[in-house]
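Each chain, written out:
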Amino acid sequence: MHVKDIVDLETIKTDMNAKNKEEALQELAEVLLQNEYITDVKGFLTDIYAREAVGQTGIGNYIAIPHGNSDSVNKIGVAIGITKEEIPWETLDGNGVKGIILFAVGKENDGAQTHLKLLSLFARKLGNDEVIENMLQSKNAADVKEALCN
């Protein structure tokens, strides 16, 4: 499994107007629904918020990686959003967030293992300041994919 196999141009939004975490998660969940990654926005978000309650998903450097396992997931994927303005989010460095990578992973037995693999793949990419800078400055979905996959 590689990042390039998971990142779908159809589930990337580079022009998000979200003003807070709730709006951002709602907008990205709707993108996942439109592209048939999930079957139910409300159920999916309930599972995401359950995970949010356990601990911060803002990893610092203006990036958040909200995730959770959900029965509402049809197929594994990610929705990626870039906001125009920094939005409030609980983060490790106390800054807000401009880049959100929302993971869609099912609850089935191999879901947990896939979940960890995905987090690990993206964590390696997001550990590179240049990758983050390029991603946050992306003008379109192709730019985001290039930033994360090169």
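For the structure itself, consult the block above.
Residues numbered from 1 in each chain as written. Predicted model: local features only at pLDDT ≥ 70, side-chain atom pairs only at ≥ 80, totals over all residues. Heavy atoms only, no water.

Draft legend 1. A look at helix H5 (residues 129-136). Among all positions in H5, only Val131, Ile132 and Met135 are buried. Down the axis of H5, the sector holding all buried residues measures 95 degrees, keeping them to one side. Structural note: H5 exposes Asp129 and Glu130 on the side pointing more than 90 degrees away from its buried face. (Buried < 20%, exposed > 50% of the residue type's maximum accessible area, 1.4 Å probe, protein only. Helix = DSSP H or I, 4+ residues; strand = E, 2+ residues; numbered from the N terminus. Arc of directions from axis to C-beta.)

Draft legend 2. Local environment of the packing of helix H2 (residues 21-34) against helix H3 (residues 41-54). Look at H2 against H3: their axes get within 10 Å of each other, and the N-to-C directions meet at 135 degrees. If you check the angle between H2 and H3, you find them oblique. As H2 packs across H3, the resulting crossing turns out to be right-handed. Taking contact as the criterion, the partners of Lys21, Glu22, Leu25, Gln26, Ala29, Glu30, Leu32 and Leu33 in H2 are, on H3, Val41, Phe44, Leu45, Ile48, Tyr49 and Glu52. Taken together, the residues of the contact of H2 with H3 break down into 9 nonpolar, 1 polar and 4 charged. (Axes fitted to C-alpha atoms, helices over the stretch in contact; angles between N-to-C directions. Parallel < 35°, antiparallel > 145°, perpendicular 65-115°, else oblique. Left-handed = near helix turned anticlockwise from the far one by under 90°. Contact = heavy atoms within 4.5 Å. Nonpolar A, V, L, I, M, F, W, Y, C, P; charged D, E, K, R; others polar.)

Draft legend 3. Examining the nonpolar core more closely. Within the largest apolar cluster, 24 residues are counted, with the highest numbers of intra-cluster contacts made by Ile80, Ile101, Phe103, Phe122, Leu126, Met135 and Leu148. Per-element accounting of this core gives the leading share, 5 residues, to helix H4 (residues 109-126). Grouped together as the second largest cluster of nonpolar side chains are 22 residues, Leu25, Leu45, Ile48 and Ile87 included. (Core = buried A, V, L, I, M, F, W, Y, C linked by side-chain atoms within 4.5 Å.)

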